[in-house]
Amino acid sequence: MSLLASDLWVSAYFARLGLAGIPAYIVSKGHEKAGAVLVKVNTLDGSATVFQRTYDLESDSRKWLVLVEGDEAKVDGALNRQMASDPDLWVIEIENRFGRHLLDEEGLRD
């Protein structure tokens, strides 16, 4: 299985979000080719969820799982710790009242 460079994946994801009218921005720009990507979904009500992509050995596939969720301050604290320990990390923040992130759609979920 070949992997798409992180910067290309982020660019494609932003294009998909833009077509859906979902505002997003880059909080932390990581390594262009090999940086992991975290997606924070801010529902604008004081809570948020962060998704990380993981590899599932049993199904031989990649999946988006919740890394942390809850109060936005708690979520931001966890993100700050992740960014401090991984300078190659990309962090994307989405602002959507309904929690839409498109990570469960074809082409993004796997």
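Shown above is the structure to which this text applies.
Being a predicted model, the structure only gives us computed values, none of them experimental.

Peer 1: Help me understand helix H1 (residues 6–19), please; the structure alone is not making it clear to me.
Peer 2: Owing to its 3.6 residues per turn, the α-helix brings residues three or four apart onto one side. Taking 1.5 Å of rise per residue, 14 residues should cover 20 Å, and H1 covers 20 Å from first to last C-alpha, within 8% of that figure. Looking at the buried positions of H1, the neighbouring elements they touch are strand S1 (24–28), strand S2 (37–42), strand S3 (47–56), strand S4 (61–71) and strand S5 (90–95). Directly beyond the C-terminal end of H1, a positive phi value near 70 degrees is found at Gly21.

Peer 1: It is not clear to me how the layout of surface pockets should be interpreted in this structure. Could you clarify?
Peer 2: Think of a ball as big as a water molecule: rolled over the atoms, this probe shows where empty space is left. Here the largest pocket is characterised by a volume of approximately 460 Å³. Around the largest pocket, the lining comprises 20 residues; the ones closest to its centre are Ser6, Gly35, Ala36, Val37 and Arg53. Of all the secondary-structure elements, those providing two or more residues to the lining of the largest pocket are H1, S2, S3 and S4. A per-class count over the lining of the largest pocket returns 10 nonpolar, six polar and four charged.

Peer 1: Which parts of the structure should I look at to understand the pattern of salt bridges?
Peer 2: Side chains carrying opposite charge are able to pair once their charged atoms draw close together. Per the counting criterion, the structure on display carries five salt bridges. Here Glu72 and Lys40 are joined by a salt bridge, their closest N and O atoms 2.8 Å apart. Pair noted here: Glu72 is in helix H2 (residues 72–85) and Lys40 is in strand S2, with a separation of 32 residues, a long-range link. Given a relative accessible area of 2%, Lys40 falls into the buried group. With its nearest N and O atoms 2.5 Å apart, the salt bridge here joins Lys40 to Asp76. Taken together, the residues span a long stretch of sequence, with Lys40 in strand S2 and Asp76 in helix H2 at a distance of 36 residues. Owing to a relative accessible area of 27%, Asp76 belongs among the partly exposed residues under this scheme.

Peer 1: Looking at this model, I keep getting lost on the pairing of S4. Mind explaining?
Peer 2: Consecutive side chains along a regular strand alternate between the two faces of the sheet. In the sheet, S3 pairs with S4 via 10 bridges, with the strands oriented antiparallel. When the sheet's bridge partners are listed, Gln52 is paired in S4 with Leu65. The antiparallel hairpin formed by S3 and S4 contains four residues in its connecting segment, where Asp60 sits at a positive phi of about 55 degrees.

Peer 1: Would you take a moment to explain the sheet that holds S3 for this structure?
Peer 2: Pairing between the strands of a sheet is mediated by backbone hydrogen bonds and can be parallel or antiparallel. The five strands lie next to each other as S1-S5-S2-S3-S4, forming an open sheet whose pairing is mixed. At either end of the open sheet lies a strand with only one pairing partner, and these are S1 and S4. Each strand of the sheet is rotated relative to its neighbour by a mean of 25 degrees, with strand direction disregarded. Against the sheet, H1 touches S1, S2, S3, S4 and S5, its axis set at about 5 degrees to S5. Its contacts with the sheet place H2 against S1, S2, S3, S4 and S5, and it is angled at close to 130 degrees to S4.

What counts and how
Residues numbered from 1 in each chain as written. Predicted model: local features only at pLDDT ≥ 70, side-chain atom pairs only at ≥ 80, totals over all residues. Heavy atoms only, no water. Helix = DSSP H or I, 4+ residues; strand = E, 2+ residues; numbered from the N terminus. Expected span 1.5 Å × (residues − 1). Contact = heavy atoms within 4.5 Å. 1 Å grid on protein atoms, 1.4 Å probe; cavity = no way out; pocket = protein on both sides within 12 Å on 5 of 7 lines; lining within 4 Å. Points joined across faces, edges and corners; volume = space filled by probe spheres on them. Nonpolar A, V, L, I, M, F, W, Y, C, P; charged D, E, K, R; others polar. Salt bridge = Lys/Arg side-chain N within 4 Å of Asp/Glu carboxyl O. Buried < 20%, exposed > 50% of the residue type's maximum accessible area, 1.4 Å probe, protein only. Pairing = 2+ DSSP bridges. Axes fitted to C-alpha atoms, helices over the stretch in contact; angles between N-to-C directions.

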